[in-house]
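So the chains spell out like this:
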Amino acid sequence: MSIWIALLRGINVGGRHRLPMAQLRDCAESLGWADVRTYIQSGNCVFTASVPDSTKSAAALAQALTEAVERVAGFAPTVLVRSIAEFEDAVARNPYPAGDEDPKSVHLFFLERATSDANLDALEALRQGREAFTLVDRVFYLFAPEGIGRSKLAEKVERHVPVPMTARNLRSARRILELAHAVRDGAV
């Protein structure tokens, strides 16, 4: 059994695409997944499943969960799935140590796939103050010390990195990883 992390995009935001976490857990369990745990209402799900630990398997798991949610909730969210090792790597590779002091200032945008189509020059032109960003494989890191809500860069990242994505702040990413470790260690 491999441990996986599913990140759903755009659920329970502004009264749209409502999906209670109990319903998300039910959807995951209906697929035969075990040890299903969720973290906060933004759609973070840790589970175990018997599939090879590969990107192709992650895509199949994401598609299965998208379809299960659509059957139950009536909408098809974008779902990105990472193995625990991939998620650990994404958190460990955070290039912004200021996130240790303020983990809500660093955001990890998990990309569906790596891309060579990112317009980094356009993003650089949007950068303000101490903001910084780094694109590494399938993760776009954004340091937004003035807050993500004020960041033009955060607002337009999807326009200039044209692949499906969903973001989590470093604090949430670390909590999700702690939950995945607890599942791995049998502590939940």
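Shown above is the structure to which this text applies.
Sequence positions are assigned chain by chain, starting from 1 and proceeding in written order. A pLDDT threshold of at least 70 governs which residues receive local features in this predicted model, and a stricter bar of 80 or more applies before side-chain atom pairs are shown or counted, although totals over entire chains, interfaces and linings include all residues. Processing note: side-chain calculations cover all non-hydrogen atoms of the structure and skip hydrogens and water entirely.

Draft legend 1. Summary view of the overall build of the protein. Think of it this way: any DSSP run of H or I at least four residues long counts as a helix, any run of E at least two long counts as a strand, and we number them from the N terminus. A count of helices and strands for the protein gives six helices and eight strands. Listing every helix and strand of the protein by position from the N terminus yields β-α-β-β-α-β-α-β-α-β-β-α-β-α. For this measure, only C-alpha atoms enter the radius of gyration; the expected value for a globule follows 2.2 Å times N^0.38, where N is the number of residues. Relative to the compact-globule value of 16 Å for 188 residues, the protein shows a C-alpha radius of gyration of 16 Å, a close match. The principal-axis extents of the C-alpha atoms in the protein amount to approximately 45 × 35 × 30 Å. Counting over 188 residues, the protein shows a buried share of 48%. Look at the contacts in the protein between residues 6 or more apart in sequence, and 71% of them connect residues 24 or more apart. Note on areas: Shrake-Rupley, 1.4 Å probe, and residue coverage restricted to the protein chains presented here. Surface accessibility of the protein: about 9,200 Å² in total, with carbon and sulfur atoms responsible for 46%. Under the scheme applied here, a residue whose accessible area is under 20% of the maximum for its type counts as buried, over 50% as exposed, and between as partly exposed, the area being computed with a 1.4 Å probe on protein chains only. Two residues form a contact once any of their heavy atoms are found within 4.5 Å.

Draft legend 2. Local environment of unusual backbone geometry. In this model, His17 sits at a positive phi of 50°, which is unusual for a non-glycine residue. Here His17 lies in the loop between strand S1 (2-8) and helix H1 (21-30). Judged by relative accessible area, His17 falls into the partly exposed class, the value being 33%. The residue Asp137 is not glycine, and still its phi comes out positive at about 55°. Accessibility expressed as a relative area gives 51% for Asp137, which makes it exposed.

Draft legend 3. The packing of helix H3 (residues 84-92) against helix H6 (residues 170-184), seen in detail. Angles run from 0 to 180 degrees between N-to-C directions of axes, and those axes are lines fitted to C-alpha atoms, restricted for helices to the stretch in contact. At a closest axis distance of 10 Å, the pairing of H3 and H6 adopts a crossing angle of 145°. In this structure, the crossing between H3 and H6 has a hand that is left-handed. Residues Ile84, Phe87, Glu88 and Val91 of H3 pack against Leu170, Ala173, Arg174, Ile176, Leu177, Ala180, His181 and Arg184 of H6. When the residues that make up the contact of H3 with H6 are grouped by side-chain class, the tally is eight nonpolar, one polar and three charged. Handedness of each helix crossing follows the sense of rotation of the near helix against the far helix: counterclockwise by less than a right angle gives left-handed, clockwise gives right-handed. Following the grouping adopted for this structure description, the nonpolar residues are Ala, Val, Leu, Ile, Met, Phe, Trp, Tyr, Cys and Pro, the charged ones are Asp, Glu, Lys and Arg, and the polar ones are all others, Gly among them.

Draft legend 4. Spatial organisation of the sheet that holds S1. Only strands joined by at least two bridges in the DSSP assignment are considered to pair. Taken in spatial order, the four strands make up an open sheet running S2-S3-S1-S4, and their pairing is antiparallel. Edge positions in the sheet fall to strand S2 (34-39) and strand S4 (79-83), since each of these pairs with one other strand and no more. If you compare each strand with its neighbour and ignore which way they point, the axes differ by 20° on average. As defined by bridge partners, S2 adjoins strand S3 (residues 44-49) across four bridges and the pair is classed as antiparallel. Of the residues in S3, the one forming a bridge with Thr38 is Cys45. Its contacts with the sheet place H6 against S1, S2 and S3, and it is angled at close to 160° to S2.

Draft legend 5. Quick peek at the nonpolar core. One finds Val46, Phe87, Leu108 and Phe110 to be the most contacted residues of the largest nonpolar core, which totals 26 residues. Contributing elements (two or more residues each) for this core: S1, H3, strand S5 (106-111), strand S6 (132-136), strand S7 (139-143) and H6. Residues contacting Phe87, with those up to four places away along its chain left out, are Ile5, Leu7, Arg82, Phe110, Ala173, Ile176 and Leu177. Put simply, buried Ala, Val, Leu, Ile, Met, Phe, Trp, Tyr and Cys residues joined by side-chain atoms within 4.5 Å make one nonpolar core. One finds Ala6, Ile11, Ala49 and Ala68 within the second-largest nonpolar core, a separate group that totals 23 residues.

Draft legend 6. Broad picture of the side chain of Thr48. Its place among the elements puts Thr48 in strand S3. Discounting chain neighbours no more than four positions away, the residues touching Thr48 are Met1, Ser2, Ile3, Trp33, Ala34, Asp35 and Val183.

Draft legend 7. A look at the packing of aromatic side chains. Each pair of aromatic rings taken from Phe, Tyr and Trp, with Trp reduced to its six-membered ring, is defined by centres within 6.5 Å and is described as stacked if the planes are under 30 degrees apart, edge-to-face if over 60, and tilted in the remaining cases. The tally for this structure, following the rule as stated, stands at five aromatic pairs. Note on Trp33 and Phe47: the rings are 4.0 Å apart at their centroids and 10° apart in plane angle, and the pair reads as stacked. Of this pair, Trp33 sits in the loop between H1 and S2 while Phe47 sits in strand S3, and the two are 14 residues apart along the sequence. Look at Trp33 and you get buried, because its relative accessible area is 8%. Grouping aromatic residues by their ring pairs yields a cluster made of Phe109, Phe133 and Phe140.

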